Amino acid sequence: MTYARWFFLPVMLMLLGGCAVTQPQDTPVSQQMEVDPTTGKGYYIYVPSTYRPETPAPLVITCHGTPPYDVAEHHIREWKMLGERNGCIILAPKLDGTDGIFGDGPIVGMLADERYILSLVSLVSYRYNIDRANIMITGFSGGGFPTYWIGLRHPDIFSCVVARNCNFSEHNIDGWLAPESTGTPVYIYYGEVDPAAIRGQSDTAINYLRAKGYSVTARVLPGTGHERHPEVAMDFFRKHWRPAKSSVAGELR
C-alpha cells in the first residue's frame with residue numbers, strides 16, 4: 001500500500017461508517033433495477049404507489065458517492081420512502097465520475113455521467129408522466145461531482161441542485177457552467193463533524209458559486225457527521241416546487 005493510501009485510509013473508513021442507510025425500507029411497493037437501453041448501464045427506480053399517469057410526478061435523481069463505500073443501491077434505499085410520501089419518482093443511476101477519495105471529478109467521467117443521466121431523464125419522461133417543471137438532482141459525498149456538473153449545465157432540465165456532504169472541485173467546472181443556471185436554486189449542506197475534506201470543499205463550493213452569481217443556501221447540520229439526511233434535501237425541493245408541467249404529449253400545462 002502506498003503512502004497516499006495509508007494517509008487516506010482513516011478517511012475511507014470514516015466514509016464507510018458514515019454511509020449507512022438508516023431510512024425506513026417498508027414502502028408499499030419495491031424499487032426496481034433496470035438497464036438504460038441507450039447506454040447499457042444500470043439504474044434503480046422507485047415509482048410511488050400513488051403514481052397516476054394523469055398526474056405529473058416530480059423526479060429526483062440522486063448521485064452516489066465513491067464505490068464501494070457508496071453505491072446506487074444505497075441511494076434508492078435512502079430515498080424511496082421520501083419518494084412514496086411526497087409522490088416523487090426516484091432514480092439512482094450507477095455512475096463513473098464519483099471518486100471522492102482519489103479522484104477529482106475528471107471531465108471524461110463527468111461527460112459520461114452527463115450523457116447517461118440525460119438519457120435517463122428522456123427515458124423516464126417517455127414511460128411516465130414526469131413533472132418537467134420539478135426535477136431535482138442531488139448527490140452525496142463523491143456524488144457532488146456529477147451533481148454540480150450536470151445540474152448547473154442544464155438549468156432547462158433541473159429545477160434545483162442539492163449537494164449533501166459533497167466533494168467539490170472548481171477546477172473541473174470552471175468555464176463549463178451554463179450562465180443562465182445562476183437562476184437555479186442551489187442548496188449545500190454538510191455535517192458539523194463531517195471529515196475536514198468534505199467541510200472544506202463544501203465551503204469552497206459555497207464561496208465559488210456565490211462569487212459566480214448563484215443564490216446558494218448553505219447549512220451545517222449540528223452534531224452530525226458524514227451521514228444521510230435526504231429529508232433536508234426533500235424539504236428544500238418542496239419549497240421550490242413550481243406549477244406542474246406534464247411530460248406527456250398534449251398535456252403540457
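Sequence positions are assigned chain by chain, starting from 1 and proceeding in written order. Only residues with pLDDT of at least 70 are given local features in this predicted model, and only at 80 or more are side-chain atom pairs given and counted; all residues enter the totals for whole chains, interfaces and linings. Excluding hydrogens and water, the side-chain values take into account all heavy atoms of the structure.

A. Just the overall build of the protein chain, in detail. The helix and strand labels rest on DSSP assignments: H or I over at least four residues marks a helix, E over at least two residues marks a strand, and numbering proceeds from the N terminus. From N to C terminus, the protein chain includes 6 helices and 8 strands. In the protein chain, the order of α-helices and β-strands from amino to carboxyl end is α-β-β-β-α-β-α-β-α-β-β-α-β-α. Note on classification: 1.4 Å probe, protein chains only; a residue is buried when its accessible area is under 20% of the maximum for its type, exposed when over 50%, partly exposed between these limits. The buried share among the 253 residues of the protein chain stands at 57%. The contact rule is simple, with two residues in contact once any of their heavy atoms fall within 4.5 Å. Nonlocal contacts in the protein chain, meaning residues at least 24 apart in sequence, comprise 78% of its contacts between residues at least 6 apart. We get accessible surface area from the Shrake-Rupley algorithm with a probe of 1.4 Å; when it comes to residues, only the shown protein chains can shield them. Accessible surface computed for the protein chain: about 10800 Å², of which carbon and sulfur atoms make up 55%.

B. Structural view of the pattern of salt bridges. Criterion for a salt bridge: a side-chain nitrogen of Lys or Arg within 4 Å of a carboxyl oxygen of Asp or Glu. The final tally for this structure, using the stated rule, is 7 salt bridges. For the salt bridge of D96 with K41, the shortest nitrogen-to-oxygen distance reads 3.0 Å. Of this pair, D96 sits in the loop between β4 (89-93) and α3 (107-127) while K41 sits in the loop between β1 (32-35) and β2 (42-46), and the two are 55 residues apart along the sequence. The shortest N-O distance in the salt bridge between E78 and R228 comes to 2.9 Å.

C. Broad picture of the pairing of strand β6 (residues 160-164). Where burial is concerned, most of β6 is hidden: 5 out of the 5 residues are buried. Along β6, one buried face is formed by C160, V162 and R164 and the opposite face, lined by V161 and A163, is buried too. As judged from the 5 bridges shared by strand β5 (residues 130-140) and β6, these two strands associate in the parallel manner. Its bridge partner being in β6, M136 is matched across the sheet by C160. Once the chain exits β5 it traverses helix α4 (residues 144-151) before rejoining the sheet at β6, and the crossover so formed is right-handed. The sheet contact formed by β6 and strand β7 (residues 186-191) spans 4 bridges and is parallel. Looking at β7, one finds that V162 is bridged to Y187. Following DSSP output, two strands are said to pair if at least two bridges run between them. The handedness of a crossover follows from its direction of travel: if, with the strands pointing away from the viewer, the path from the first strand over the helix to the second runs clockwise, the crossover is right-handed.

D. Region of interest: helix α5 (residues 196-211). Helix length check: α5 (16 residues) gives 22 Å between terminal C-alpha atoms against 22 Å at 1.5 Å per residue, within 8%. Inspection of α5 places I198, S202, A205, I206, Y208 and L209 among the buried residues, and these make up the whole buried set. In this fold, the buried residues of α5 make contact with α4, β7 and β8 (216-221). Backbone geometry just after α5 places G213 at a positive phi near 100°. By this rule, a helix spans an expected 1.5 Å times one less than how many residues it contains.

E. The arrangement of the pairing of β4 in detail. Of all 5 residues making up β4, 5 are buried, and the element is well covered by its neighbours. Sheet analysis places β2 next to β4, joined by 4 bridges and oriented antiparallel. Bridge pairing in β4 places Y46 opposite I90. For strand β3 (residues 57-63) and β4, the ladder comprises 3 bridges, and the chain directions are parallel.

F. Up close: unusual backbone geometry. Omega for the bond connecting P67 with P68 falls within 30 degrees of zero, at 0°, which places this linkage in the cis form. Tracing the chain through its elements places P68 in the loop between β3 and α2 (72-86). The phi torsion at S141 lies on the positive side, around 60°, for a residue other than glycine. Secondary-structure assignment places S141 in the loop between β5 and α4. Residue classification places S141 among the buried residues on the basis of a relative accessible area of 5%. Even without being glycine, N165 reaches a positive phi, approximately 55°. Summarising the element assignment, N165 is placed in the loop between β6 and β7. For N165, a relative accessible area of 2% corresponds to the buried category.

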